[in-house]
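# Tertiary structure, described
Residues per chain are reported as follows:
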Amino acid sequence: KIVVLDFGSQYSHLICRRIREFSVYAELVPFDISHEELQKHNPKGIIFSGGPSSVYNSDAPVPENKIFDMNLPLLGICYGHQLIVNKFGGKVKRANKEYGSSLLTIDNDKNLLSGIGGSVRAWMSHGDEAEQIPPGFKVIGHTESAKAAAIASDERSIYGIQFHPEVVHTEQGTEILKNFVLKVCRAKQDWTMEGFIDSAVNKISKIEGDVLCGVSGGIDSTVAALLIHKAIGNRLKCVFVNNGLLRLNEEIEIKEMFEKNFNVNFTMVDAVQDFLSKLKGIEDPERKRKIIGEEFINVFTDFAKNKGPFKWLAQGTLYPDVIESGVSKGPAAVIKSHHNVGGLPDWLDLEILEPLRELYKDEVRKIAKILGVPEKLFMRHPFPGPGLAVRIIGEVTPKKLQISKVASKIVEDELIASGFYGKVWQAYAAVGDDKAVGVVGDERKYGNIVMIRVVDSIDAMTADWTRLPHELLEKISNRITNEVEDVTWVTYAISSKPPATIEPQ
Ligand code: XMP
C-alpha cells in the first residue's frame, strides 16, 4: 500500500487513482496524520501531495517530524517537493508563477526517471521553486525556469518533483509514478476488483442482523446491494421508492433487474400518489426538492418500521465523499449526507454500512461489470435524486410528467442511434408552462413547448451545450411533435453552466 498525505491539492485524489490503475492500493490521508496512525497503514512508501501553501510561511502545513524517521521511500510532488527541499536543508523561494506544460530535461535516468527518455512535457502549477537543493541530493531533471524540477537522494530513496505526474498532461507521468511505487517502494500489484469483492464479501458476511438498502437504480446503490447480497443473501432487504418522477418505464426495468437478474429480496413501494399530491400546486424549485426529500424519509421510515427490525442501513458512499481533508477544508473528515436517505430518525437506531467507501467511481464500474450488472445501467447518464421534478419547470403535473418522459425517451433513443449518447454528459427533454400555437393538420392548436437539453461536461461543475448536428436535432424535433400529444414546439437550450445549470429547477 502507498499512503498519500494530502496537503490540499486539487489533484490529491488523482494521485491515488493513477496508482490504483496499475493495481497498487493507494490511500489519501490528512497531512497531519500522526506517525503511529501512519504506521498502522503499513505503507511501502509515502507521497506528499501538492497544495496551495508556501513552505516559508509560518502557518504552512507540515507533516509530523517522526514521519521522516520511519525511513520509508518518499516522493514529494509540487508543494511536497518544496517540503522535502526545506526539511533536508535546501532553500525554497518565491519565483515567477509557472502554469501549464514545460519541457522537462532528464539529467539522470536512474530509479525515478528511468526509461522516461531525454525529455518530456511536464505539467507545472506553482509559484515557489527550489533555489538550493539539500546536501546529499542531486538534480535529476530541470526545465528552462526550474533548475531543480526533479531531485533525488537515491541512498535514502527520497525524491522531489516540481511537476504533477498524476495529470494526463504530463507525458509518461504514470511511468514516473510506477518507477517510484514499483521500483523504489517495491509495492505489490495486488489491488484487483476481484480481490476487493472477495474481501468485502468476507467482511460483510460476519455482520449480524438485517440490512436495509435503499436502491435507486443508479450504479452505486446497485453495486452496494449486490455485494451485500452476495455476503448475506436475503438478510438484505432492498427497497425502491417509485415516486413517479423517474424516466419512462424505469421502475419496471429496475424491479426486473433486481428480482429476475439478481434474485434479491426487493420491494418496490408505490408512492406515486403520495409524491404527486404533496407536489400539487408547488412551483418553487427549492420547495419541490425539500418536499421530495421529506417524502423519501417518510416512506423509508414506514418501511423500516413495518418490515424491520433492521440493524444496518446500507449506502453507496464512495471514497471521494468520505475524505475531504487537506488544508483548504480542515483536517477533519467530513461525510456528506447522501441523497435521499440521509436524515432517517434516530430511534430507528441504524448503523451505517458503506461497502464502497474505499472505492472510486471507475472501480465501482469495474465491480458492476464483474457482478453482471447490465451494461445499459452503467453507461446511463447521471439522473438526479429528485428526478423529473428538477427538470419540469413550474408545477409537477401528471400531464407534464408524461410529456417529459416520452420526449426524453425520444431524445435518448436518437442519441443512442446516432452514437452521441456516450459522448455527452446528459440529454433529456423537459417541459414548462409556456404554450405556443402550432398547426396540426389544418387546425390551429395551442400546445406545449418542449425544451431539449444536451450538455457536455467532465464533472458537472461546468458544462457546455452540445453542438449536435442540425439534422439530428430536426429528427428529434419531428419525432417529439409527431409522437407526443399536445406538443407544438421544440426548443434547444444553448446556455452553458455557468451562468445556467444543467437542470433548470
Ligand atoms: P446542475 O443542474 O446543478 O446539475 O448543474 C449538476 C449535476 O448534478 C445532478 N443533480 C442532482 N443529482 N440530486 C442528485 O442526485 C439532486 O438534487 C441533483 N440536482 C442536480 C444533475 O443531474 C447534473 O448531473
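Remember, it's a predicted structure, so these values are computed and weren't measured experimentally.

## Structural notes on the nonpolar core
One recurring pattern in soluble globular proteins: nonpolar side chains tend to sit buried together. With 44 residues, the main nonpolar core has Val211 and Leu236 as its most contacted residues. Broken down by secondary-structure element, the contributors of at least two residues to this core are helix H5 (193-204), strand E10 (211-214), helix H6 (219-232), strand E11 (236-242), helix H7 (250-261), strand E13 (312-314), helix H11 (361-370) and helix H12 (375-379). The leading source of residues in this core is H6, at 9 residues. Aside from chain neighbours lying at most four places away, what touches leucine 236 is Val211, Cys213, Ala225, Ile228, His229, Val264 and Asn265. Formed by 38 residues, the second largest nonpolar core is a distinct cluster that contains Ile15, Val24, Leu75 and Ala122.

## Remarks on the pairing of strand E4 (residues 74-77)
Of the two faces of E4, the one carrying Leu74 and Gly76 and the one carrying Leu75 and Ile77 are both buried. Pairing of strand E3 (residues 45-48) with E4 involves 3 bridges; the strand directions are parallel. Across the sheet, the residue bridging to isoleucine 46 is leucine 74, located in E4. Note that E4 and strand E9 (residues 158-161) share 4 bridges and pair parallel. When the sheet's bridge partners are listed, glycine 76 is paired in E9 with glycine 160.

## Brief notes about the site of the ligand
Lining the immediate environment of the ligand, one finds 12 residues, of which Arg289, Gln426, Lys497, Ile502 and Glu503 sit closest. In this structure, glutamine 426 approaches the ligand through a side-chain N or O atom, which is 2.8 Å from an oxygen atom. A distance of 2.6 Å separates an oxygen atom of the ligand from a polar side-chain atom of lysine 497. The protein chains hide 76% of the 490 Å² of surface that the ligand would expose on its own. Among the residues forming the shell around the ligand, the class breakdown is 5 nonpolar, 4 polar and 3 charged.

## Focus: the packing of helix H8 (residues 272-279) against helix H9 (residues 285-307)
Relative orientation of the contacting elements H8 and H9 amounts to 150 degrees, with a least axis distance of 10 Å. Judged by the twist between their axes, the crossing of H8 over H9 is right-handed. Mapping the contact onto sequence places Asp274, Phe275, Lys278 and Leu279 in H8 and Lys288, Ile291, Ile292, Glu295, Phe296 and Val299 in H9. Class assignment of the residues belonging to the contact of H8 with H9 gives a composition of 6 nonpolar, no polar and 4 charged.

## Structural notes on the domain arrangement of the protein chain
You can read the domains of the protein chain as domain 1 (2-184), domain 2 (193-379) and domain 3 (397-492). Using only C-alpha atoms to locate each centre, domain 1 and domain 3 end up separated by 49 Å.

## Side note on the confidence of the model for the protein chain
When the pLDDT values of the protein chain are averaged, the result is 93; 96% of them are 70 or greater. Taken as a whole, residues 325-341 scores under 50 in pLDDT and shows 39 contacts with residues more than four places along the chain or in a different chain.

## Focus on the state of the cysteines
Enumeration according to the criterion identifies 0 disulfides in this entry. Cysteine cysteine 16 shares no disulfide, and the gap to the nearest cysteine sulfur, in cysteine 185, comes to 13 Å. A relative accessible area of 0% means that cysteine 16 is categorised as buried.

## With respect to H7
Its 12 residues place the ends of H7 15 Å apart at the C-alpha level, agreeing with the 16 Å of an ideal helix rising 1.5 Å per residue. Buried residues of H7: Glu250, Glu251, Ile254, Met257 and Phe258, and no others. On an axial view of H7, the arc spanned by its buried residues comes to 130 degrees, and they lie on one face. Remark: asparagine 263 follows H7 within two positions and exhibits a positive phi of approximately 55 degrees.

## What to know about the pattern of salt bridges
For the structure on display, the rule yields 31 salt bridges. The closest approach of N and O atoms between lysine 290 and glutamate 294, which form a salt bridge, is 3.3 Å. With lysine 290 and glutamate 294 both in helix H9 and 4 residues apart, the pair spans about one turn of that helix. Residue lysine 290 is classed as exposed on the basis of its relative accessible area, which comes to 56%.

Reading the values: rules and limits
Residues numbered from 1 in each chain as written. Predicted model: local features only at pLDDT ≥ 70, side-chain atom pairs only at ≥ 80, totals over all residues. Heavy atoms only, no water. Core = buried A, V, L, I, M, F, W, Y, C linked by side-chain atoms within 4.5 Å. Buried < 20%, exposed > 50% of the residue type's maximum accessible area, 1.4 Å probe, protein only. Helix = DSSP H or I, 4+ residues; strand = E, 2+ residues; numbered from the N terminus. Contact = heavy atoms within 4.5 Å. Pairing = 2+ DSSP bridges. Near = heavy atom within 4 Å. Polar contact = N/O pair within 3.5 Å; in protein donor to acceptor, adjacent residues only side chain to side chain. Areas by Shrake-Rupley, 256 points an atom, 1.4 Å probe, with all protein chains shown as cover. Nonpolar A, V, L, I, M, F, W, Y, C, P; charged D, E, K, R; others polar. Axes fitted to C-alpha atoms, helices over the stretch in contact; angles between N-to-C directions. Left-handed = near helix turned anticlockwise from the far one by under 90°. Domains from an automatic or database assignment. pLDDT = per-residue confidence, 0-100. Disulfide = S-S within 2.5 Å. Expected span 1.5 Å × (residues − 1). Arc of directions from axis to C-beta. Salt bridge = Lys/Arg side-chain N within 4 Å of Asp/Glu carboxyl O.

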